[in-house]
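Below, each chain spelled out in residue letters.
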Amino acid sequence: MAPSSSSSSSSSEKHDVFISFRGVDTRDGLTSFLYEALRNKAIQAYMDVREFETGDEISPALMNAIKSSKISVVIFSENYASSTWCLNELVQILECKKTTRQIVVPVFYQIDAFMVRDQTGSYAVAFEKHEERFKNDIEKVNQWRKALKDATYLHGLDSKEYRSGPMLVRKIVNDIWLQLRKKQTSNHHYKELFGFEQRMNKIQRLLSIGSTDARIIGICGMGGIGKTTLASAIYQKNYPFFEGHCFLENVREVSAGHSRYKLLTELFNDRAIQSLDTPFVVSPFIGDRFRRKKVLIVLDDVDSSTNLEAIIKGYEEVDSGSRIIVTSRDAHVLKNVTKHIYEVRVLDAYESLDLFRLHAFKKERPAEDFERQSERVVHYAYGNPLALKVLGCFLYSRPIEEWKNALKKLEMVPHNDIQKVLRISYEGLDDMQKDMFLDIACFFACPYSVMFSRNAVESIHGSSTAKIDISVLEEKSLITIRGDYQEISMHNLLQKMGLTMVCEEHKEPGNRSRLWIPEDISHVLETASGTDKIKSITLHLCGLQKDVKLSPAAFSKMSNLQYFQIISHKNAKFRLLLPDNRHGLEFHPSNKLRYFCWTFYPYKYFPLGIIPENLVQMELTSSQLVEFWNEDQQARALEKLKFLELHDSKNLTQIPNLSRAINIERICLARCRSLVQVPPYFKNLHKLQILNLWDCSNLVYVEDLSMNLSHLHLGGTAIEAVPSSVGCLAGLVELKLHDCRRLKILPTNICKLKSLQSLDLSGCLNLETFPEILEPMKCLKHISLSGTMIKKLPQSSIENLNALSQLDLSCCKNIEFLLSDLCCSRNIDKLVRLSVSYCENLHSIPELPPCLKYLDARHCENLKSIQKLPSSLRFLDAGDCNTLETISSWGRTPLIEEHSCFFLMSCSYRFDNCQRLEQNLTRNIIPHAASLEILRAARSPRKLESNCFHRLSILFCYPGDAIPNYFISHIDPGTSIDVELPSNWCDANFLGFAFCFVLNLSEVSREKLFDHIKIECAVSFMTDDGDVEYRYKVPVKWDFHCSTLNSDHVLILYDHDLCYKNIQENFGANWPSISTFTKASFSFRLSLHYVDGSKDSDFQEIDGWVPYLACSRCRKMINKCGVWLIYDQEDGWKLMNMDQNSQVSGGSTHEFPPPRKLKLVAKI
């Protein structure tokens, strides 16, 4: 008899296993034992309890049970083929294997597989009867025969290979258990781990399950960031693939001996093995067993290399395919054992809000007041999952007033449960590292402070151990160092921890080591209660709650002050009321001060009492300084000084005597408009690299410069000629002469600057000639001639600019002559970027250099034609060229190649407000070019991922109201599209998605000036009845910069996150299920970002997830929208064939390939 449902199951339930069997053969034996064994393992099995079949067809309940099962076990026995129920079940099971990838496990019980395959013996007898009985439906009989034959080709079990029935049952159960564990990797199991699946996918790639090498994977990050949770999820997902597995938690808190004991006993299920093990000296017996067993080991929360070595010493040589995962707050611990390290980053704002809501509101929808407070919590927690969970649980079910009160308290006193976890890393530091941590928390990374680079902190701190101490803090995830300038920052919660520690030093602020709270600083400065305990002060005047009257002796007792910073702002509501005397405040005569910063410094002279011999950085910007100190006296000892910032000190008449500042590296005197000359001793400052004299408008004499300068800024000065000493600056990299309005000529010896990379001559209104470049300049890459009166580029100069890659000719009145000179030259073979924007005399752009990739032609009011676009062009902005009509020839873009991958990471063609463009351009040529770019990008995800470091995004914008016909379009105003997909929509040719909109922004642009819009997208996959099963928030957010669009414009968008490979990775194990759905909904979110910094999105939330434009005004902003499902063979062949048969030019037209037939259901 056929299998059927258990009495405890209903047809609507989903099952782990469906058992197909012949009742008379196995119900009371193998099948019953198997069913009980599965139940004992908590595996939900479906088994029929009825003894008699009724009719030839299986019941609807059985049909549903088969479809809703993950695995089917088919027990072939002597009389299996005699049951039409069994045979119909088998057909349905194999159909489910084909359509839903159901796992099928054949079991040949006391029967040979060939008998089933060839239908001999009892199976032959059974089919003789079936053929007689169903002679009018012989097709059904043939279908049964084929099903039996197909089933025998599947991997199955033969009962004859097992000595007893219990052994066979145990084997079946173990195989099923393993298969179920492999299948239990979908998003459903991580639905409360917001943002974790994407992180898991990255770790999975590091693990590279299936590769034959053995490897160690490191997971690092700050406390509470989710390392243990990630490691647990990875462990649960992968352990079925290994012969042995062990998860050791809290290794930091457990002795190495105990951890080693647990590791051995769990891997080998043998407590006696511990007697053979000894620390550091390997047991050959145990070592051999390790090398023969494929294992998965997780060592969680390891805090030292010594501890790690004590646990795994001698057993690193595991079997091929083995994996060891180590989590630690200390990246250095991981670097000692592996190069495969994943750093866990904070959750983004959306993920943080979702996680917090889960714990703060459970399943309830929060009121609007709670939403605003929730955003405050998310900002406070700054993406730390532990903090979000702790605070969510703490605030759950509390009234709104308690929320507000609790959040106010958190600003002063961090939550204890969070601090206990974070403080673990701090306690592992030595005293000097703790001191550095508190310096960074309270000063160098203090809110409202400037950002400090690692190099600056090391220099200012001055300690011989500063470099290694900062490295240790970074490795322990206590600070973050990012960017080209290696700026140091600190997570909000870690900083709160450090600030709290300092506040706990003493009740009186004057007796604490560091001050940053405006109220505390106000009290100390008014009462002169500061002591020698104070090491640093940082005050932003915007934080004051009242005017503060400083005592003349406010700083007189601060003998250990090292870091001092007062940051003001012209719009600050309150101010410091200072003592009225010539030299201002009295500082303790200490030489410990290393950093002194006071913006808008109010006195004419440098403070008395400060001994500057150990000063490393001095910033007195926007000051009232006239001179520093008595310049007639001996020069001050300034050997430690490296950075001097005095910009916007408009009354400064004389540069301070820096002749003893022999280590100074950077001097900034920008906009010091009372300066008239540079002192002659500058030539002796041999370590000076950067000298900024920008907009020193009365500066006439600049000579005697340091020979080691790399950056010289003379823009906006009153010089009439380039200083002769500039020709001797062999190491000069950047020379800025912009807005030197008296400058008339450049010397020909400028070609002697062999290291020069950038030359800025923009705004030099009297510069009419460009010098003859008599020698090759192999490093000069960027030249700006914007706004100059230069009429000619000498051919010899062009030929010697071997490395020129960027040329700015914007706002040039003689642009047509310059372009003609440039384009006639055959030597500009590296020119990549050209700007001719705001050239009102430009009527036509001639054929440009073939290597050009960026062309900026915005606001050329009289431009009518572009002769030919280079084939390499990737960026074109012709926005607001109101008279542009034609592009004579549109060069074909080459396929993506590895050597040019950097330039192919983005593509943008903008024709904003070009209302006179020929119709063939907007209807055919531009849409066709967009389709080719998108298709090539969608075809190349692997190459882009492996060789490039920038995002791939494609944007086309042009006037029009028609969505290209390769998009499925929604022609009514709205922000979402529902598409019904065919069953094979996600076949091997599917490459991804692209989007298109018709925007009308003319109405909103009249109300308020905006500079860009942001577009976001979400995709939902649904069942036939419309129930949403999976949602995917596309990670990319398109920033579309525009000031205004005067009419309807078509906007075509594509991003690398929309390619098939990235979508598949984001859905992870759910992808096979998603590919079977037949309905998808694409929702779009649009927000305006105004010039004044405000934002207007007019969004509502739907089910707490997809935000969309709700108001009728915003719906009108998107007149139409469309989606393109990109297919390689269909779209690729048609588009490429079109491209080959007709080079796209102004005189050709094209018919676009229609999209694969999909049914559109528009949703408003």
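Residues numbered from 1 in each chain as written. Predicted model: local features only at pLDDT ≥ 70, side-chain atom pairs only at ≥ 80, totals over all residues. Heavy atoms only, no water.

Colleague: It is not clear to me how the overall build of the protein chain should be interpreted in this structure. Could you clarify?
Modeller: Scanning the protein chain for helices and strands turns up 32 helices and 48 strands. Counting the 1164 residues in the protein chain, one finds 56% classified as buried. By sequence separation, contacts in the protein chain at least 24 residues apart represent 66% of the contacts at least 6 residues apart. Only carbon and sulfur atoms are counted for the fraction: they give 49% of the accessible area of the protein chain, which is about 50,800 Å². (Helix = DSSP H or I, 4+ residues; strand = E, 2+ residues; numbered from the N terminus. Buried < 20%, exposed > 50% of the residue type's maximum accessible area, 1.4 Å probe, protein only. Contact = heavy atoms within 4.5 Å. Areas by Shrake-Rupley, 256 points an atom, 1.4 Å probe, with all protein chains shown as cover.)

Colleague: Before we go on, may I ask you to explain the pairing of strand β4 (residues 103-108) in this structure?
Modeller: A large share of β4 lies buried, amounting to 6 of its 6 residues. Going residue by residue along β4, you find Ile103, Val105 and Val107 tucked away on one face and Val104, Pro106 and Phe108 tucked away on the opposite face as well. Here strand β3 (residues 69-76) runs beside β4; their pairing, made up of 6 bridges, is parallel. Across the sheet, Val74 pairs through a bridge with Pro106, a residue of β4. Pairing of β4 with strand β5 (residues 157-158) involves 2 bridges; the strand directions are parallel. Note on β5: the bridge partner recorded for Phe108 is Asp158. (Pairing = 2+ DSSP bridges.)

Colleague: It is not clear to me how the side chain of Ser1081 should be interpreted in this structure. Could you clarify?
Modeller: In this structure, Ser1081 sits in strand β43 (residues 1079-1090). Here Ser1081 falls in the buried class, since its relative accessible area comes to 3%. For Ser1081, the side chain forms a polar contact with the side chain of Asp978, separated by 2.7 Å. (Polar contact = N/O pair within 3.5 Å; in protein donor to acceptor, adjacent residues only side chain to side chain.)

Colleague: Just checking my understanding: could you explain the sheet that holds strand β6 (residues 215-220) for this structure?
Modeller: Adjacent strands of a sheet pair through backbone hydrogen bonds, lying either parallel or antiparallel. Read across the open sheet, the 5 strands follow the order β7-β8-β9-β6-β10; overall the sheet is parallel. The sheet terminates laterally at β7 (244-248) and β10 (341-343), the two strands that pair on one side only. Adjacent strand axes in the sheet meet at a mean angle of 10 degrees when their direction is disregarded. With 6 bridges joining them, β6 and strand β9 (residues 323-328) adopt parallel strand pairing. Following the sheet pairing, Ile219 is matched in β9 by Thr327. Its contacts with the sheet put helix α10 (residues 256-268) on β7 and β8 (295-299), and the angle it makes with β7 is roughly 155 degrees. (Axes fitted to C-alpha atoms, helices over the stretch in contact; angles between N-to-C directions.)

Colleague: So what exactly am I meant to see when it comes to the side chain of Asp439 here?
Modeller: Looking at the secondary structure, you find Asp439 in helix α19 (residues 431-444). Owing to a relative accessible area of 0%, Asp439 belongs among the buried residues under this scheme. Once residues within four sequence positions are removed from consideration, Asp439 is found in contact with Phe444, His461, Arg514, Lys535 and Tyr563.

Colleague: Could you clarify how one ought to interpret unusual backbone geometry in this entry?
Modeller: Peptide bonds are mostly trans, and most non-glycine residues show a negative phi. The residue Tyr382 is not glycine, and still its phi comes out positive at about 50 degrees. As for its position among the elements, Tyr382 is in the loop between α15 (368-381) and α16 (385-395). Look at Tyr382 and you get partly exposed, because its relative accessible area is 47%. Despite not being glycine, Asp880 has its phi angle at roughly 60 degrees, a positive value.

Colleague: Quick question: what am I supposed to make of the sheet that holds strand β2 (residues 45-46) here?
Modeller: Pairing is parallel across the open sheet formed by 5 strands, whose spatial order is β2-β1-β3-β4-β5. Of all the strands in the sheet, just β2 and β5 have a single pairing partner and so form its edges.

Colleague: Please explain the pairing of strand β34 (residues 906-910) as it appears in this structure.
Modeller: Remember that side chains alternate between the two faces of the sheet whenever the strand is regular. With 4 of its 5 residues buried, β34 lies for the most part within the structure. Of the strand pairs in this sheet, β34 and strand β35 (residues 953-959) are connected by 5 bridges, and their pairing is parallel. The residue of β35 that forms the bridge with Ser906 is Ser953.

Colleague: What is the right way to read the packing of aromatic side chains from this model?
Modeller: The relative placement of two aromatic rings is captured by the distance of their centres and the angle of their planes. A full pass over the atoms with the stated rule returns 44 aromatic pairs. Ring centres of Tyr601 and Tyr603 lie 5.9 Å apart, and the angle between their planes is 65 degrees; on these two criteria the pair is classed as edge-to-face. Side by side, Tyr601 and Tyr603 carry an identical accessibility label, which is buried. Between the aromatic rings of Tyr854 and Phe875, the centroid separation amounts to 4.6 Å while the plane-to-plane angle is 5 degrees, which identifies the pairing as stacked. Of this pair, Tyr854 sits in strand β30 (residues 854-856) while Phe875 sits in strand β32 (residues 875-877); the two residues are 21 residues apart in sequence, bridging distant segments of the chain. Relative accessible area serves as the criterion here: at 14%, Tyr854 is assigned to the buried category. (Phe/Tyr/Trp six-rings, centres within 6.5 Å; stacked < 30°, edge-to-face > 60°.)

Colleague: Teacher, can you tell me more about α15 here?
Modeller: With 14 residues, α15 extends 20 Å from end C-alpha to end C-alpha; this agrees with the ideal 20 Å at 1.5 Å per step. By the burial criterion, the buried members of α15 are Phe370, Glu371, Gln373, Ser374, Val377, Val378, Tyr380 and Ala381. On its buried face, α15 is in contact with α14 (349-361), α16, α17 (400-412) and α22 (492-503). Following α15 by one or two positions, Tyr382 has its phi on the positive side, about 50 degrees. (Expected span 1.5 Å × (residues − 1).)

Colleague: Would you explain the packing of helix α3 (residues 84-100) against helix α6 (residues 138-152) in this entry?
Modeller: Two packed helices can be described by the angle between their axes and the distance between those axes. As a packed pair, α3 and α6 sit with axes 9 Å apart at the nearest point and diverge in direction by 60 degrees. Judged by the twist between their axes, the crossing of α3 over α6 is left-handed. Contact residues: α3 offers Thr84, Leu87, Asn88, Leu90, Val91 and Leu94, while α6 offers Gln143, Trp144, Ala147, Leu148, Asp150 and Ala151. Of the residues assigned to the contact of α3 with α6, the class counts are 8 nonpolar, 3 polar and 1 charged. (Left-handed = near helix turned anticlockwise from the far one by under 90°. Nonpolar A, V, L, I, M, F, W, Y, C, P; charged D, E, K, R; others polar.)

Colleague: Would you take a moment to explain the nonpolar core for this structure?
Modeller: One recurring pattern in soluble globular proteins is that nonpolar side chains are buried together. Residues Phe911, Trp985 and Tyr1054 are the most contacted members of the largest nonpolar core, which totals 195 residues. Excluding its chain neighbours within four sequence positions, the residues that come into contact with Phe911 are Leu876, Ala878, Leu884, Ile887, Trp890, Leu917, Ile926, Cys957, Tyr958, Pro959 and His1049. Judged by nonpolar contacts, the second largest core, of 80 residues, contains Val344, Leu410, Ala441 and Ile479. (Core = buried A, V, L, I, M, F, W, Y, C linked by side-chain atoms within 4.5 Å.)

Colleague: How should helix α23 (residues 518-527) be read in this particular structure?
Modeller: For an α-helix, 3.6 residues make a turn, and residues three or four places apart therefore share a direction. Listing the buried residues of α23 in full gives Pro518, Asp520, Ile521, Ser522, Val524 and Leu525. Where α23 terminates, the next one or two residues include Ala528, which has phi positive at roughly 50 degrees.

Colleague: For this particular structure, what's the right way to read the pattern of salt bridges?
Modeller: The full count for this structure, using the stated rule, is 44 salt bridges. Taking the shortest distance from any N to any O, the salt bridge between Glu131 and Arg145 comes out at 2.9 Å. In this pair, Glu131 sits in helix α5 (residues 122-133) while Arg145 sits in helix α6, placing the two residues 14 residues apart along the sequence. Ionic pairing is found between Lys171 and Asp175, a salt bridge with its closest N-O pair at 3.2 Å. Of this pair, Lys171 and Asp175 both sit in helix α7 (residues 165-183), 4 residues apart, roughly one helical turn. On the basis of relative accessible area, Lys171 is assigned to the partly exposed category, the value being 32%. The structure contains a network of salt bridges with shared partners spanning Asp435, Asp439, Arg514 and Lys535. (Salt bridge = Lys/Arg side-chain N within 4 Å of Asp/Glu carboxyl O.)

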